[in-house]
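# Remarks on the overall topology
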Amino acid sequence: MFADHMKRPVMAVLACAGLLTAAACSAPGSDSSSSPTTTGSAAAVATSCGSDPVTLRGYFETGFPLPKELADEFTKQFPNVKWDIREDQFAVITQNAPRVLADDPPDLMRLPQVSELVKDGLLKQLDGYAQAYGWDKWPASQLEQMRVNANGQRGDGPLYAQGLNFSMTGMFYNKKLAAQIGMTQPPATLAELDTVLQKAKDAGLVPINQFNGGATGGLAFPLQNLMAAYGEPGPINDWIYQKPGATIDTPSNLQATQHLERWIKAGYFASDINSQDYATMMSRFIGGKALFMFDGDWESGNLDKQMAGNAGFFLMPPANAGGKRAAMSAPLTFGISAKAPNADCAAFFLNWVATNQQARDITVKVGGSHPMGPSDAYMPPVQEGTVTAATLTAGATIAQDNGAMDFIANATGAIYAKSWTPQLQKLAAGQQSPDALLKSVQKDYESQVKG
């Protein structure tokens, strides 16, 4: 039965993608008359995992349950497909990516910045799959961050990666602690946020608990949110996409970095910020030991379980009342190695994640984020008052304001580990000035882009 079910032609796959029902779309096939096919000018791709035993090798980010939950559900629906998954922290993946893709290529890998991996020929081009599965009919903004042109610039050109969801960052808050200091609704301006932070400190609370230890500069989260409050997202995206002449050292970004320094000097962050890792940040926040943390909607489902009814979320407020909102918002990026032994099956998994009803349920309930896929695709019901409901609503605001930015850590393959992280740790320790920080990052960026 399974073998027959896996042989439907590509056009049936595309029709199925619009249905998004478990019965119709749990696999691309019930018609045994057709084999894997080619669409248009795309290279031949198989649109299934076949019926023979397959072991997909994955290299995933530790601490995030969504990819593993999706992998487990996939195996339930397709028992011939097993997984061999290795996990590392994102900073480690960032440093290891070129070597792993070249020497020990997984089928599916959580990716850091993609343009240099494309330049080195380490990622499989996915245009054939995009045509076969209809990804090129999705909203263009979902995929543009994963396109790389012939000049190595992101934003257009062939597709080299896909997303498990479309994530977004902002500020999570503890509702009980907020009530203690009279915060009844999210701050509407940056000045109002500053007032709340001071009230929290005066009340003996830790205003913001943020990771910034080891190889992961978590202060990049509040910094980029402050950049969004002071300036437009377009120039920041230009810099991340390596557009000619782009710079991170701008007047508005200097204002943002100076504001972050004021928060540091005011004592709004936990005193051990430079020794705190991501897991510690999460445990402290869940344990009620801080009012705020800057993080992403991938934690929404977790917080709805761990802090049911007591966690809230809002977008970074603008510098001026009524200003547009912007946020770090990007796909949870996964790519297929150019040497992947099971590339077709890995691509089928990526399409399944975006189009299968159970997969989309998991993406929202576990990942707390908006699934990839067609604009009219099935969306799971979400309970009002939950963190997940708040983050999904915030995502709609970002879409309306055209305020999505990629992560400043993704501008080059080395910029996060070798530039942002040490510079932000020095800023937190009082050993670096905002102006020198931006100039140092820009100098490193230019050197890395030139290669």
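The name given to the chain in an unreviewed UniProt entry is Carbohydrate ABC transporter substrate-binding protein (CUT1 family), with Paractinoplanes brasiliensis as the source organism. Recorded in UniProt under Sequence similarities (unreviewed entry), the annotation for the chain is "Belongs to the bacterial solute-binding protein 1 family."

## So, the packing of helix 13 (residues 251-265) against helix 20 (residues 434-450)
Put simply, helix 13 and helix 20 touch, their axes get as near as 9 Å, and they point 125° apart. In this view, helix 13 runs oblique relative to helix 20, as classed from their interaxial angle. Viewed along their axes, helix 13 and helix 20 form a crossing whose handedness is right-handed. Facing helix 13, whose interface residues are Asn253, Leu254, Thr257, Gln258 and Glu261, helix 20 presents Pro434, Asp435, Leu437 and Leu438. Taken together, the residues of the contact of helix 13 with helix 20 break down into 4 nonpolar, 3 polar and 2 charged.

## Thoughts on the state of the cysteines
By the definition in use, this model includes 1 disulfide. Each disulfide pairs two cysteine sulfurs, and for cysteine 49 the partner residue is cysteine 345, the sulfurs being separated by 2.0 Å. Across the S-S bond of cysteine 49 and cysteine 345 the torsion is about 90°, and the bridge reads as right-handed. Highlighted residues: cysteine 49 in the loop between helix 3 (22-25) and strand 1 (54-61) and cysteine 345 in helix 16 (residues 343-355), separated in sequence by 296 residues.

## Some thoughts on the packing of aromatic side chains
Taken as a whole and judged by the stated rule, the model has 27 aromatic pairs. Both rings, one in tryptophan 263 and one in phenylalanine 294, keep their centres 6.1 Å apart while their planes meet at 35°; by these two values the pair is tilted. Note that tryptophan 263 is positioned in helix 13 and phenylalanine 294 in strand 7 (residues 292-296), a separation of 31 residues in sequence. Phenylalanine 294 shares its class with tryptophan 263; the two are buried. Members of the aromatic cluster, each reached through a chain of ring pairs, are Phe60, Phe74, Phe78, Trp83, Phe334, Phe348, Phe349 and Trp352. Here the guanidinium or amino end of arginine 86 rests over the ring plane of tyrosine 59, the centre of that ring lying 4.4 Å away.

## Focus: the domain arrangement of the chain
Domain boundaries in the chain define domain 1 (54-167 + 331-388) and domain 2 (168-330 + 391-450). The interface is formed by 34 residues belonging to domain 1 together with 36 residues belonging to domain 2. For the pair domain 1 and domain 2, the two sides together bury roughly 2700 Å², of which 51% comes from carbon and sulfur. Inspection of the region where domain 1 meets domain 2 yields 1 salt bridge. At the junction of domain 1 and domain 2, the tally comes to 16 residue pairs in polar contact (both at pLDDT 80 or more). Of all the elements in the fold, those that place two or more residues in the side of domain 1 that touches domain 2 are helix 5 (90-103), helix 6 (115-119), strand 5 (154-159), strand 6 (162-174), strand 9 (327-335), helix 17 (357-365) and helix 18 (387-401). Sort the elements by how many residues they give to the side of domain 1 that touches domain 2 and helix 5 lands first, with 4 residues. Residue classes in the side of domain 1 that touches domain 2 are distributed as 12 nonpolar, 17 polar and 5 charged.

## A short note on the confidence of the model for the chain
The predicted model of the chain has a mean per-residue pLDDT of 87, with 90% of residues at 70 or higher. Note on residues 1-42: pLDDT is under 50 here. Beyond four places in sequence and across chains, it has 94 contacts.

## Topic: the pattern of salt bridges
This structure, assessed with the given rule, holds 11 salt bridges. Where arginine 110 meets glutamate 61, a salt bridge forms, and the shortest distance between an N and an O atom there is 3.1 Å. One end of the pair, arginine 110, is in strand 3 (residues 108-110); the other, glutamate 61, is in strand 1, with 49 residues separating them in the sequence. The structure contains a network of salt bridges with shared partners spanning Asp249, Asp435 and Lys439.

## Remarks on the environment of isoleucine 286
When you line up the elements, isoleucine 286 lands in helix 14 (residues 278-286). Along the primary structure isoleucine 286 and glutamine 162 are separated by 124 residues, whereas in three dimensions their C-alpha atoms are 31 Å apart. Leaving out residues up to four positions away in the same chain, isoleucine 286 has contacts with Asn302, Leu303, Gln306 and Met307.

Quick notes on the rules
- Residues numbered from 1 in each chain as written.
- Predicted model: local features only at pLDDT ≥ 70, side-chain atom pairs only at ≥ 80, totals over all residues.
- Heavy atoms only, no water.
- UniProt positions renumbered as here; feature names shortened; annotations may be inferred.
- Axes fitted to C-alpha atoms, helices over the stretch in contact; angles between N-to-C directions.
- Helix = DSSP H or I, 4+ residues; strand = E, 2+ residues; numbered from the N terminus.
- Parallel < 35°, antiparallel > 145°, perpendicular 65-115°, else oblique.
- Left-handed = near helix turned anticlockwise from the far one by under 90°.
- Contact = heavy atoms within 4.5 Å.
- Nonpolar A, V, L, I, M, F, W, Y, C, P; charged D, E, K, R; others polar.
- Disulfide = S-S within 2.5 Å.
- Phe/Tyr/Trp six-rings, centres within 6.5 Å; stacked < 30°, edge-to-face > 60°.
- Buried < 20%, exposed > 50% of the residue type's maximum accessible area, 1.4 Å probe, protein only.
- Lys NZ or Arg CZ within 6 Å of the ring centre and 35° of its normal.
- Domains from an automatic or database assignment.
- Buried area = accessible area lost by both parts, 1.4 Å probe.
- Salt bridge = Lys/Arg side-chain N within 4 Å of Asp/Glu carboxyl O.
- Polar contact = N/O pair within 3.5 Å; in protein donor to acceptor, adjacent residues only side chain to side chain.
- pLDDT = per-residue confidence, 0-100.

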